[in-house]
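Observations on chain architecture
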Amino acid sequence: MPTAAGAISMAPPPSQDELKKQVGYKAVDDYVRSGMVVGLGTGSTAYFAVERVGQKLKSGELKDIVAIPTSKRTREQAEGLGIPLATMDSHPVVDVAIDGADAVDPALNLIKGGGGAHFREKIVEASARTFVVIVDESKLFSGPGGLGRGSPCRWRSCLSATSTPPGRSRRCPHWLAPGPCCAGAPRPATSGTATSQP
């Protein structure tokens, strides 16, 4: 649309999906390198990180990546993009995990939600050398007192309680639904990019 002489044409602000895409792509560009084991989160923001990994593998910018998905939906997306997949059984240590969060306060405490992939997300992220959290401005929380300490996730005790003999299926009762071991637990981050290194 033409503007009058001297008038400034302002572009509309980016949509929420565009912001999610920006942070998802930046996380992969900044933290994922060839030869890494990568934990792929689940959700509308993590979707774009998975997309970026697929793009960079296809272009040859990344090589020898192995990814561990945290949900069926993420697995299906990664398979469709040609991302090689593995499990925690074959790769118990993850170089970097990338996922979203439901809320982040000014002190960089995080709350992960209680969605169906939450238990698997926590296992993969707790096994990561570097955990990168990606959020857009809609997830920033500035209420009085911040998010507080929250409740720790007891995923180790849950795994122990649900172990079964070899050859049998092991399934945590909270694998697909939120429960006591899947309570939202703020996790302190160590930098302004909301990155946590355990």
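Residues numbered from 1 in each chain as written. Predicted model: local features only at pLDDT ≥ 70, side-chain atom pairs only at ≥ 80, totals over all residues. Heavy atoms only, no water.

Within an unreviewed UniProt entry, the label attached to the protein reads ribose-5-phosphate isomerase, and the organism entered is Prorocentrum cordatum. Its UniProt record gives the protein a comment under Pathway (unreviewed entry), which states: "Carbohydrate degradation; pentose phosphate pathway; D-ribose 5-phosphate from D-ribulose 5-phosphate (non-oxidative stage): step 1/1." Per UniProt, the comment on the protein under Catalytic activity (unreviewed entry) is "aldehydo-D-ribose 5-phosphate = D-ribulose 5-phosphate". (UniProt positions renumbered as here; feature names shortened; annotations may be inferred.)

So, on to the packing of helix α1 (residues 16–31) against helix α2 (residues 46–59). Remark: α1 packs on α2, axes separated minimally by 8 Å, with the N-to-C direction vectors making an angle of 50 degrees. Accordingly, the angle class assigned to the pair α1 and α2 is oblique. Between α1 and α2 the crossing geometry is right-handed. Between α1 and α2, the contacting residues are D17, K20, K21, G24, Y25, V28 and D29 on the first element and F48, A49, E51, R52, V53, Q55 and K56 on the second. (Axes fitted to C-alpha atoms, helices over the stretch in contact; angles between N-to-C directions. Helix = DSSP H or I, 4+ residues; strand = E, 2+ residues; numbered from the N terminus. Parallel < 35°, antiparallel > 145°, perpendicular 65-115°, else oblique. Left-handed = near helix turned anticlockwise from the far one by under 90°. Contact = heavy atoms within 4.5 Å.)

Next up on the list: the packing of α2 against helix α3 (residues 72–80). It is at 9 Å that the axes of α2 and α3 come closest, and there the two elements cross at 25 degrees. By the angle class used here, α2 and α3 are roughly parallel. Judged by the twist between their axes, the crossing of α2 over α3 is right-handed. Residue-level contacts link Y47, V50 and E51 of α2 to T74, Q77 and A78 of α3. Within the contact of α2 with α3, the residues separate by chemical class into three nonpolar, two polar and one charged. (Nonpolar A, V, L, I, M, F, W, Y, C, P; charged D, E, K, R; others polar.)

What follows covers the confidence of the model for the protein. The predicted model of the protein has a mean per-residue pLDDT of 74, with 66% of residues at 70 or higher. For the protein, per-element mean pLDDT is lowest for helix α5 (residues 155–161), which scores 37, and highest for α2, which scores 97. This stretch, residues 150–198, has a pLDDT under 50; its non-local contacts, to residues over four places away or in other chains, come to 97 contacts. (pLDDT = per-residue confidence, 0-100.)

With that settled, consider the pairing of strand β6 (residues 128–133). With five of six residues buried, β6 lies mostly within the body of the structure. In this structure, strand β3 (residues 94–99) lies alongside β6, joined through five bridges in parallel fashion. Within β6, the position partnered with I98 by the bridge is V132. (Buried < 20%, exposed > 50% of the residue type's maximum accessible area, 1.4 Å probe, protein only. Pairing = 2+ DSSP bridges.)

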